[in-house]
Amino acid sequence: MVFSEAYREFAPAVVGYLRARGVPDPEAVTHDVFMAVYPRIGSLTGGRAGLKTLLFTIAHARIVDHHRRLTRAPRLVEYDPETEPRVAPSSEEVALARGTGILALLDELSPDQREVIALRVVADLSLEQTATITNRSTGAVKQLQRRALLALRGRLESQPLEAEQEGTR
Amino acid sequence: MIADDARRHDARRDQNQRINALLSESGVDTCPADPLVSVLVALAATGAGEAPDPSPELAALLETPPPTNRAHAPRRSGSRRVRGVVVSLTVTACLSGVGVAAAAATNEGFRHSVGHTFSVIVGSITGTRHQSRSPLGVDPRTGGRPGSPAVSPTTNLPTTGVTVVPVTPPSRSPGSFGSAARSVALNPPATVPGQGARQPTPGAPGFVPTTPRPTTHPSTPPTTAMPTTGAPAVDPSGAPSSVPGGAHR
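All of the points below concern the structure found in this document. All figures in this text were calculated on a predicted structure; none of them were measured in a lab.

1. Some points on the overall build of chain B
Each helix and strand counted, chain B has eight helices and zero strands in total. Along chain B, helices and strands appear, N-terminal first, in the series α-α-α-α-α-α-α-α. The proportion of buried residues among the 249 residues of chain B is 29%. Taking contacts inside chain B between residues at least 6 apart in sequence as the whole, the part at least 24 apart equals 65%.

2. Here's the deal with the pattern of salt bridges
Residue and element names in this part refer to chain A. Evaluated as defined, the whole model comprises nine salt bridges over all chains. Arginine 62 is the partner of aspartate 32 in a salt bridge, and the nearest nitrogen-oxygen pair spans 2.7 Å. With aspartate 32 in helix α2 (residues 26-37) and arginine 62 in helix α3 (residues 47-72), this pair connects stretches of sequence that are 30 residues apart. Of the residues examined, aspartate 32 reaches a relative accessible area of 35% and is grouped as partly exposed. When its relative accessible area of 24% is taken as the criterion, arginine 62 is described as partly exposed. Its salt-bridge partner being arginine 155, residue glutamate 108 comes within 3.4 Å of it at the nearest N-O pair. Taken together, the residues span a long stretch of sequence, with glutamate 108 in the loop between α4 (91-106) and α5 (111-122) and arginine 155 in helix α7 (residues 138-158) at a distance of 47 residues.

3. Things to note about the packing of α3 of chain A against helix α6 (residues 127-134) of chain A
Residues and elements named next belong to chain A. Two elements in contact, α3 and α6, have axes separated by 9 Å at closest approach and are oriented at 35 degrees. Note on packing geometry: the crossing formed by α3 with α6 is right-handed. For the pair α3 and α6, contact is made by Ala49, Thr53, Phe56, Thr57 and His60 and by Gln129, Thr132 and Ile133, respectively. For the contact of α3 with α6, the per-class residue count stands at three nonpolar, five polar and no charged.

4. Observations concerning the environment of leucine 144 of chain A
Residues and elements named next belong to chain A. Within the secondary structure, leucine 144 sits in helix α7. C-alpha of leucine 144 to C-alpha of serine 110: the two residues are 34 residues apart in sequence and 9.6 Å apart in space. With sequence-adjacent residues up to four places away left out, leucine 144 is seen in contact with Asp112, Gln113, Val116 and Arg136.

5. Overview of α7 of chain A
Taking 1.5 Å per residue, 21 residues should reach 30 Å; α7 of chain A reaches 30 Å between its end C-alpha atoms and fits that length. If you check which residues of α7 of chain A are buried, you get Val141, Leu144, Gln145, Ala148, Leu149, Leu152, Arg153, Arg155 and Leu156 of chain A.

6. Remarks on the packing of aromatic side chains
Residue and element names in this part refer to chain A. In total, this model carries four aromatic pairs over all chains according to the counting rule given. Pairing phenylalanine 3 with tyrosine 38 gives two aromatic rings, centres 5.0 Å apart and planes at 70 degrees, and the pair type is edge-to-face. Separated by 35 residues along the polypeptide, phenylalanine 3 in helix α1 (residues 3-20) and tyrosine 38 in the loop between α2 and α3 bring together distant segments of the chain. Summarising the burial analysis for this pair, phenylalanine 3 and tyrosine 38 share the class buried. With 5.6 Å between their ring centres and 75 degrees between their planes, tyrosine 17 and phenylalanine 56 make a pair best called edge-to-face. Linking tyrosine 17 in helix α1 with phenylalanine 56 in helix α3, this pair joins segments that are 39 residues apart in sequence. Looking at phenylalanine 56, the relative accessible area reads 0%, which means it is buried. A connected cluster of aromatic rings, assembled from ring pairs, spans Phe3, Tyr7, Phe34 and Tyr38.

7. A look at the interface of chain A and chain B
Note: interface size is frequently given as the accessible area lost on complex formation between the parts. Taken residue by residue, the interface counts 42 residues in chain A and 40 residues in chain B. Across the contact surface, chain A and chain B share three salt bridges. Arginine 120 of chain A is the partner of glutamate 25 of chain B in a salt bridge, and the nearest nitrogen-oxygen pair spans 2.8 Å. Counting every contact that joins chain A to chain B gives 12 residue pairs in polar contact (both at pLDDT 80 or more). Residues of the side of chain A that touches chain B, tallied by class, amount to 25 nonpolar, seven polar and 10 charged.

Calculation notes
- Residues numbered from 1 in each chain as written.
- Chains lettered and ligands numbered in written order.
- Predicted model: local features only at pLDDT ≥ 70, side-chain atom pairs only at ≥ 80, totals over all residues.
- Heavy atoms only, no water.
- Helix = DSSP H or I, 4+ residues; strand = E, 2+ residues; numbered from the N terminus.
- Buried < 20%, exposed > 50% of the residue type's maximum accessible area, 1.4 Å probe, protein only.
- Contact = heavy atoms within 4.5 Å.
- Salt bridge = Lys/Arg side-chain N within 4 Å of Asp/Glu carboxyl O.
- Axes fitted to C-alpha atoms, helices over the stretch in contact; angles between N-to-C directions.
- Left-handed = near helix turned anticlockwise from the far one by under 90°.
- Nonpolar A, V, L, I, M, F, W, Y, C, P; charged D, E, K, R; others polar.
- Expected span 1.5 Å × (residues − 1).
- Phe/Tyr/Trp six-rings, centres within 6.5 Å; stacked < 30°, edge-to-face > 60°.
- Polar contact = N/O pair within 3.5 Å; in protein donor to acceptor, adjacent residues only side chain to side chain.

These figures capture arrangement, not role.
Right, here's the structure in full:
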């Protein structure tokens, strides 16, 4: 597969995966991931599935690095919209708020469950690919995704209106 | 435009099928109006769309063809093979060294022969082997070992009227020296077995001043020396011994 073609096909999923995992600048990290893949793309085996697995393996490693850096970096103050003097939201804020509501559901999950759901749903990876990237067995991945889906359902049952609004947007 | 709508519709249908397969795979029962399905579809949509604009570095890479690293793979495997061979040879050499050390520790003859071989090699390299033996007339093939029938100190030494006492190496028993050992019996006080290298005190009856070691004659290893006297030859007149071998101890 040509590198530019791979970028057009897989970059959106990589951005979505990184965003779902809470990486602050997902586009820049996506560029980093593809630049790391570039030297290996000539010797890559496995075709399209192999390239996809390699891409999300590198992205997963970048996320792990990010969370390790967070443990060493000083804690940042959370953005408070009540203190924001601007009242008219921009189109970017609207777009970001749309994704943030859905992604906020993932915060209810444990880190392992969030990782599995992001890889299975956002990155559209198979059970085996997810098991390879997370270094788990397929049975463990299946169990994690089952618990995550049940937890999401419980969260939606407790707050149905918000969830339906987010889902229908 | 119509083609784009049809493509989006197909993509949404594939996405719904994928979500339903995920839910059935996990054993989660759903109905068509389940909010969980709509949430998962919306979540999957965050991974779709247009690719972000590449950075300048990535844009440059997107323009160039990717490198082919296939040429590097055989070289890497070759270096691993060479590394394995080197490691195996090193381990073999270490084990051989341990075996040789064990043999040398248990067998005195082996140690003796190795020392002899080493001295022959060193002597042939430095060129001192023949120089040290030629005055004594020692046959290089025999190595001048004690007890060799070809070596007779009493006949080869250029001394007259001097009783030659062969050296008795500390590790050798006197009985194993053959004819040379019998000559020791001529002067028992000078050849105490196991104390052949001991020098008598000055003024004692057995004392003979030793000849200074010639600078032109490097020392000969003990294993190849002829049966020279560790206790030097006794000169009744008190003159220094002319036994060249005495200086090689």
